[in-house]
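As a plain string of letters, each chain reads:
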Amino acid sequence: MLLVPCPNCGPRNQSDLRLVGESISRPDPNTASREEWGAYLYLRENVADWQTETWYCRAGCRTYFKAERNTATNEFRNPPMPGDKVGSGTYITPSVGQPQGEQS
Amino acid sequence: MTAARDLLKRGNKPARYSAATLAKHGLTGEIWPRVWREPEWKSTYDVVIIGGGVHGLATAYYLATNHGITNVAVVDKGYLGGGGSGRNTAIVRSNYLTPEGVAFYDRSLTLYNSMAADLNINVMFSERGHMTLAHTDGALRTMHWRAEVNKLQGIDSSVIGPEDVKKNAPSLDISSHPRYPILGALFHPPGGIIRHDAVVWGYARGADHHGVDMHQKTEVLDILVEGGEGPEGKGRGGKVKGVRTSRGDIHAPIVVNCTAGWGSLISNMAGVKLPLTTHPLEAAVTEPVKVFLPTVVVSGSLHVYVSQTDRGELVFGASVDPLNTYSMRGSLAFTEELAGHILELMPGIGKMRLLRQWAGLCDMTPDYSPIMGFTPVEGHFTDVGWGTYGFKAGPVSGETMAECIATQRTPKLIAPFNLERFSTGELVGEKGAAAVGH
């Protein structure tokens, strides 16, 4: 089973966590066009390479965090630490109802 | 090129398979001729189809037979039928949830029914009936919904009670003891299983005899597009010029993406972003035993489907892994979970041993319906988003994609599956019938 590097709990079994998906930034719903909103909802890069993604540690610390995984080999790199910079974005605790967070 | 010589000798006519030829070869020990050519490399075609699975080969076959377009190349980075076409659990059915889906998959079932005669190959279609078990009131309600949608379109599909379930598959536990007791099932007699390799070979052989060139071990590295608004002239408004492969460039005004699990990677080469995520789906097969399971059994709540092959092996399939990845390695966790679920359904098979397990890639769309037809790039057609239901749709996809390419109009059957629906919001929600229920 895949060991997922949770910043708070350390490496945990994949079954303890949920992959939210590719980390993407959410456009402003007040100004976004129909295409932009459709793209935010549905379109994905789906790379066969390093991907920055959002995980939810559902059976552990119950926080959302970002990790970098190679989708061709399932390796992780730069395991996140509490409050660390992760990949292209910064690890943040998202507010309730917005699990995707914003890239900063 | 012995194969090419063989083909010339028999005047490009398909060598028919029959009981007589089988007896002749059996008695004389004569070697069977190569079934398809290894074509010479050509740098110009009318149509290039990327992906040599059921979808790509069926598209090529119907382009040649229905529309007379034979200057077609099928390119595949591996071998024919090495992707999802050879990794699925070979179940076919048409009891879907949306009217659009039902009409589409029913046409596929019709083509599967006459395939052995059409392609002159034994596809071993076994119309043994398909049962989708309901373990909760909610599931039972969806079954009734599906049955009514199906009946309206003239499809044999009805909800049956636990006693009839037991009659159809005596090994199932219909008592109230399990965690998920069986409350009923959606029974679909026209569903069944088919030999998936023979389907691939049948289409490949048929396409080859009509002059289609199939280039195996030829990886597409890039799609050549001009005039688009994206980087390198790709993307919306562009026009396809051909493909760059590991063996050289091919010039073609039409390029079709039939690569399923790898669909995003190919589509990105043309600058067309798709709403796909690629997930592996794992399956497993047991040792062969005497036939005891006469129908296909599916359980949505337990995330499992099972059928028994003519050889007597039980074939198990699961739902897609929750992780998007292109890696096809199996896992012990999957096997344990699958075995637990199977034993809950059929406690009597506890001593059977698993022979092997494998995984295939599924390109999941948000609404569990495919993406077919035109793209914003002129000449680039897409036939992806096949998730967990690609094999059963193979023949109809080939037929409709060929019509779309040849007539430059979207056939009615695939109009709901256009790419624009993800910005207009007109999704074709098929999750209730396609998420696990194969």
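Residues numbered from 1 in each chain as written. Chains lettered and ligands numbered in written order. Predicted model: local features only at pLDDT ≥ 70, side-chain atom pairs only at ≥ 80, totals over all residues. Heavy atoms only, no water.

## Focus: the overall build of chain A
From N to C terminus, chain A includes 1 helix and 8 strands. Moving toward the C terminus, one meets the helices and strands of chain A in the order β-β-β-α-β-β-β-β-β. Counted over contacts in chain A with a minimum sequence separation of 6, partners at least 24 positions apart contribute 50%. On chain A, roughly 5,500 Å² of surface is accessible, and the fraction owed to carbon and sulfur atoms is 48%. (Helix = DSSP H or I, 4+ residues; strand = E, 2+ residues; numbered from the N terminus. Contact = heavy atoms within 4.5 Å. Areas by Shrake-Rupley, 256 points an atom, 1.4 Å probe, with all protein chains shown as cover.)

## Considerations on the interface of chain A and chain B
Contacts between the two partners involve 20 residues from chain A, matched on the other side by 21 residues from chain B. Around 1,800 Å² of area is buried between chain A and chain B when both sides are counted, 54% of it from carbon and sulfur atoms. It is Tyr-42, Leu-43 and Asn-46 of chain A that lose the most area in chain A upon contact with chain B, and together they represent 36% of the buried surface on that side. If you look at where chain A meets chain B, you find 1 salt bridge. Measuring nitrogen to oxygen at the nearest pair gives 3.1 Å for the salt bridge that ties Lys-273 of chain B to Glu-45 of chain A. (Buried area = accessible area lost by both parts, 1.4 Å probe. Salt bridge = Lys/Arg side-chain N within 4 Å of Asp/Glu carboxyl O.)

## A word on the confidence of the model for chain A
The share of residues in chain A with pLDDT of 70 or more is 79%, and the mean pLDDT across the chain is 80. In the model, residues 85-104 of chain A has pLDDT below 50 throughout and makes 39 contacts with residues more than four positions away in sequence or in other chains. (pLDDT = per-residue confidence, 0-100.)

## Re the pattern of salt bridges
This model, assessed by the stated rule, comprises 20 salt bridges over all chains. Here Arg-69 of chain A and Glu-53 of chain A are joined by a salt bridge, their closest N and O atoms 2.8 Å apart. Taken together, the positions of Arg-69 of chain A in strand E5 (residues 64-70) and Glu-53 of chain A in strand E4 (residues 50-56) put the pair 16 residues apart, joining distant regions of the chain. Taking the relative accessible area as the measure of exposure, Glu-53 of chain A reaches 0% and is therefore buried. One salt bridge in this structure joins Lys-24 of chain B and Glu-30 of chain B, with 3.7 Å as the shortest N-O distance. Exposure remark for Lys-24 of chain B: the relative accessible area of 44% places this residue in the partly exposed category. Because the salt bridges share partners, they merge into one network encompassing Arg-37, Asp-208 and Asp-213 of chain B. (Buried < 20%, exposed > 50% of the residue type's maximum accessible area, 1.4 Å probe, protein only.)

## Overview of the sheet that holds E5 of chain A
Residues and elements named next belong to chain A. Spatially, 4 strands are ordered E3-E4-E5-E6 in an open sheet, and the strand pairing comes out antiparallel. Edge positions in the sheet fall to strand E3 (18-22) and strand E6 (76-77), since each of these pairs with one other strand and no more. Where E4 lies against E5, 7 bridges are found, and the strand directions are antiparallel. Across the sheet, the residue bridging to Trp-55 is Phe-65, located in E5. (Pairing = 2+ DSSP bridges.)

## As for the sheet that holds strand E1 (residues 47-50) of chain B
Residues and elements named next belong to chain B. With mixed pairing, the 6 strands of this open sheet are ordered in space as E8-E2-E1-E12-E19-E18. Taken across any chain shown, the strands that pair with only one partner, and hence form the sheet edges, are strand E8 (213-215) and strand E18 (371-374). On average, each strand axis in the sheet is inclined to that of its neighbour by 15°, with strand direction left out of account. By the bridge criterion, 4 bridges tie E18 to strand E19 (residues 380-384) in an arrangement that is antiparallel. Bridged to Ile-371 within E19 is Val-384. (Axes fitted to C-alpha atoms, helices over the stretch in contact; angles between N-to-C directions.)

## Brief notes about the pairing of strand E15 (residues 304-308) of chain B
All names here are of chain B. The buried count for E15 comes to 5 of 5 residues, which makes it a mostly enclosed element. Burial along E15 is two-sided: Val-304, Val-306 and Gln-308 and Tyr-305 and Ser-307, pointing in opposite directions, are all buried. As defined by bridge partners, strand E14 (residues 296-299) adjoins E15 across 3 bridges and the pair is classed as antiparallel. Opposite Ser-299, over in E15, you have Val-304 as the bridge partner.

## As for the domain arrangement of chain B
All names here are of chain B. Per the domain assignment, the segments making up chain B are domain 1 (41-125 + 193-274 + 367-433) and domain 2 (130-189 + 277-364). Put simply, the middle of domain 1 and the middle of domain 2, counted by C-alpha atoms, are 28 Å apart. Taken together, the 29 residues of domain 1 in the interface contact 34 residues of domain 2. Summed over both sides, the interface between domain 1 and domain 2 buries roughly 2,400 Å², with carbon and sulfur atoms accounting for 62% of that surface. (Domains from an automatic or database assignment.)

## Considerations on helix H6 (residues 137-152) of chain B
Residue and element names in this part refer to chain B. The first and last C-alpha atoms of H6 sit 23 Å apart over 16 residues, in line with the 22 Å expected at 1.5 Å per residue. What H6 keeps buried is the set Ala-139, Leu-140, Met-143, Arg-146, Ala-147, Val-149 and Asn-150. Once H6 ends, the next one or two residues include Gly-154, with phi positive near 75°. (Expected span 1.5 Å × (residues − 1).)

## Focus on the pairing of strand E2 (residues 10-13) of chain A
Residue and element names in this part refer to chain A. Pairing between strand E1 (residues 3-6) and E2: 4 bridges, direction antiparallel. Paired with Val-4 across the two strands is Arg-12, which belongs to E2. Hairpin connection from E1 to E2: 3 residues lie between these consecutive antiparallel strands.

## Digging into the packing of helix H4 (residues 99-113) of chain B against helix H11 (residues 394-407) of chain B
All names here are of chain B. Contact pair H4 / H11: the axes reach a minimum separation of 7 Å and the direction vectors enclose 105°. Considering their axes alone, H4 and H11 lie roughly perpendicular with respect to each other. Between H4 and H11, the contacting residues are Phe-104, Arg-107, Ser-108, Leu-111 and Tyr-112 on the first element and Gly-394, Pro-395, Val-396, Ser-397, Glu-399 and Thr-400 on the second. Broken down by class, the residue content of the contact of H4 with H11 amounts to 5 nonpolar, 4 polar and 2 charged. (Parallel < 35°, antiparallel > 145°, perpendicular 65-115°, else oblique. Nonpolar A, V, L, I, M, F, W, Y, C, P; charged D, E, K, R; others polar.)

## Side note on unusual backbone geometry
Residues and elements named next belong to chain B. Unlike most non-glycine residues, Asn-120 shows phi in positive territory, near 50°. Checked against the element boundaries, Asn-120 lands in the loop between helix H5 (115-119) and strand E4 (130-134). Residue classification places Asn-120 among the buried residues on the basis of a relative accessible area of 11%. Although it is not a glycine, Gln-408 sits at a positive phi angle of roughly 60°. Take Gln-408: it is sitting in the loop between H11 and helix H12 (421-424).

## Section: helix H2 (residues 19-28) of chain B
Every α-helix winds through 3.6 residues per turn, so residues three or four apart in the chain are directed the same way. In terms of burial, H2 of chain B is a largely surface element, 1 of the 10 residues being buried. Just downstream of H2 of chain B, Gly-29 of chain B is the residue with a positive phi angle, here 70°.

## Observations concerning the packing of aromatic side chains
Scanning all chains against the criterion turns up 15 aromatic pairs over all chains. Centre to centre, the rings of Phe-104 of chain B and Trp-386 of chain B are 6.1 Å apart; their planes meet at 15°, and the pair counts as stacked. Highlighted residues: Phe-104 of chain B in helix H4 and Trp-386 of chain B in the loop between E19 and H11, separated in sequence by 282 residues. For the pair Phe-104 of chain B and Trp-386 of chain B, a shared accessibility class is recorded, and that class is buried. Considering the side-chain rings of Trp-386 of chain B and Tyr-389 of chain B, the 6.3 Å spacing of their centres and the 70° angle between planes classify their relative orientation as edge-to-face. No difference in accessibility class separates Trp-386 of chain B from Tyr-389 of chain B, as the two residues are buried. Three or more aromatic residues link up through ring pairs in this structure, and these residues are Tyr-96, Phe-104, Tyr-105, Trp-386, Tyr-389 and Phe-417 of chain B. The ring of Trp-50 of chain A carries Arg-77 of chain A above its face, with NZ or CZ at 4.3 Å from the centroid. Here Arg-93 of chain B stacks its cationic end above the ring of Tyr-96 of chain B, 4.3 Å away from the centre of that ring. (Phe/Tyr/Trp six-rings, centres within 6.5 Å; stacked < 30°, edge-to-face > 60°. Lys NZ or Arg CZ within 6 Å of the ring centre and 35° of its normal.)

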